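The residues making up each chain are set out below.
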Amino acid sequence: TIFLRTGRIPEAASKLERAVAVDPRSILGRRSLAELRLRQGRHEEGIDLQRRLLEENPTDLDLLVSHASALEQRGQAEQARALLQAEIDRGTRDPRLYVALARQSRDRLDPEQAAALLKQAIAIVPDDAEAHLQLGKILAQQGHGQAALAEFREASRLAPADPYAYYYVASILEESGALEEAIDLYRRS
């Protein structure tokens, strides 16, 4: 998987194919191979591998969210939405599900629904930096600068190594004329 993470796709393919051939039941090997296939542009194969893994491991939420994202990117947004919603309907309270659904709502140009989903994610796990960041984006797009600023600041507090929150805080500060602080945050970003 180190080759996959570093973008060395041919080496990753060789190693993963060999690993899965040696141990065809390896969940990590097959999951990494599915990710590799998606990155190689072999989308149907990658999605099929993910689907089979989910059938074996229906409680793997990281895989479910990844699979929903792959489906959405391949034009199957309705199916992706249905998978995520079904997991929520089963009673799973995990912010990743709500954040993924919120992104889809935002992409469908439904910012109110996206904001509501992100607020639900934050209610489940108040320290979810990604949910705060995404809510800040929605609020900024709706023209709620101060509310967006508060969400971006919270995201940067919760994930101080994430450059995006600093960037968004800086952009709002720049618009409001707080140039010195904005410059400092742009540099930090």
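See the structure above.
Calculation notes
- Residues numbered from 1 in each chain as written.
- Predicted model: local features only at pLDDT ≥ 70, side-chain atom pairs only at ≥ 80, totals over all residues.
- Heavy atoms only, no water.
- Helix = DSSP H or I, 4+ residues; strand = E, 2+ residues; numbered from the N terminus.
- Buried < 20%, exposed > 50% of the residue type's maximum accessible area, 1.4 Å probe, protein only.
- Contact = heavy atoms within 4.5 Å.
- Areas by Shrake-Rupley, 256 points an atom, 1.4 Å probe, with all protein chains shown as cover.
- Lys, Arg positive; Asp, Glu negative; His and termini not counted.
- Charge placed at Lys NZ, Arg CZ, Asp CG, Glu CD.
- Phe/Tyr/Trp six-rings, centres within 6.5 Å; stacked < 30°, edge-to-face > 60°.
- 1 Å grid on protein atoms, 1.4 Å probe; cavity = no way out; pocket = protein on both sides within 12 Å on 5 of 7 lines; lining within 4 Å.
- Points joined across faces, edges and corners; volume = space filled by probe spheres on them.
- Nonpolar A, V, L, I, M, F, W, Y, C, P; charged D, E, K, R; others polar.
- Axes fitted to C-alpha atoms, helices over the stretch in contact; angles between N-to-C directions.
- Parallel < 35°, antiparallel > 145°, perpendicular 65-115°, else oblique.
- Left-handed = near helix turned anticlockwise from the far one by under 90°.
- Salt bridge = Lys/Arg side-chain N within 4 Å of Asp/Glu carboxyl O.

> Got a sec to walk through the overall build of the protein chain? Specific residues and values, please.
What the protein chain contains, in helices and strands, is 12 helices and zero strands. Listing each helix as α and each strand as β along the protein chain from the N terminus yields α-α-α-α-α-α-α-α-α-α-α-α. Projected onto its principal axes, the C-alpha positions of the protein chain cover 60 × 35 × 25 Å. A burial count over the protein chain gives 40% of its 189 residues as buried. Pairs at least 24 residues apart make up 37% of the contacts formed inside the protein chain by residues separated by at least 6 positions. When the accessible surface of the protein chain is totalled, it reaches about 10500 Å², and 51% of it is carbon and sulfur. Charged side chains of the protein chain number 26 positive and 30 negative; the gap between the two group centres comes to 6 Å.

> Explain unusual backbone geometry to me, using residue names and the numbers behind them.
Here Leu109, not a glycine, exhibits a phi torsion of approximately 60 degrees, which is positive. Here Leu109 falls in the exposed class, since its relative accessible area comes to 74%.

> For the packing of aromatic side chains, give the residues involved together with the corresponding values.
Tallied over the entire structure, the rule returns three aromatic pairs. Aromatic pair Phe152 and Tyr168: ring centres 4.9 Å apart, planes at 15 degrees, arrangement stacked. Of the two residues, Phe152 is situated in helix α10 (residues 145–158) and Tyr168 in helix α11 (residues 163–176); the sequence distance between them amounts to 16 residues. A relative accessible area of 1% means that Phe152 is categorised as buried. When the ring of Tyr167 is compared with that of Tyr168, the centres are 5.5 Å apart and the planes differ by 75 degrees; the resulting orientation is edge-to-face. For Tyr167, a relative accessible area of 39% corresponds to the partly exposed category. Its relative accessible area of 23% is what places Tyr168 among the partly exposed residues. Clustering of aromatic rings is evident, with ring pairs tying together Phe152, Tyr167, Tyr168 and Tyr186.

> Break down the layout of surface pockets for me, with residues and values.
Empty space among the atoms becomes visible once a probe the size of a water molecule is rolled across them. Considering only enclosed or pocket space, the second largest pocket measures out at about 210 Å³ in volume. Considering the residues around the second largest pocket, the lining is formed by 13 residues, among which Val65, Ser69, Val99, Ala100 and Arg103 are closest to the centre. For the lining of the second largest pocket, the leading source of residues is helix α7 (residues 95–107), giving six residues. Considered class by class, the residues forming the lining of the second largest pocket number six nonpolar, three polar and four charged.

> Hey, could you go over the packing of helix α5 (residues 61–73) against α7 for me, with residue numbers and the actual values?
For the pair α5 and α7, interaxial distance at closest approach is 10 Å and the crossing angle is 10 degrees. Between α5 and α7, the angle falls in the class roughly parallel. In this structure, the crossing between α5 and α7 has a hand that is right-handed. Counted together, Leu61, Asp62, Leu64, Val65, Ala68 and Glu72 of α5 and Arg96, Leu97, Ala100, Gln104 and Asp107 of α7 form the full contact between these two elements. Taken together, the residues of the contact of α5 with α7 break down into six nonpolar, one polar and four charged.

> Which residues make up the pattern of salt bridges, and what values do they have?
Counted by the stated rule, this structure contains 17 salt bridges. Two residues, Glu45 and Arg37, come together in a salt bridge whose shortest N-O distance is 3.0 Å. With relative accessibility at 33%, the residue Glu45 sits in the partly exposed group. Taking the shortest distance from any N to any O, the salt bridge between Arg81 and Glu78 comes out at 2.5 Å. One end of the pair is Arg81 and the other is Glu78, both in helix α6 (residues 77–89) and three residues apart, which spans about a single turn. What makes Arg81 buried here is its relative accessible area of 16%.

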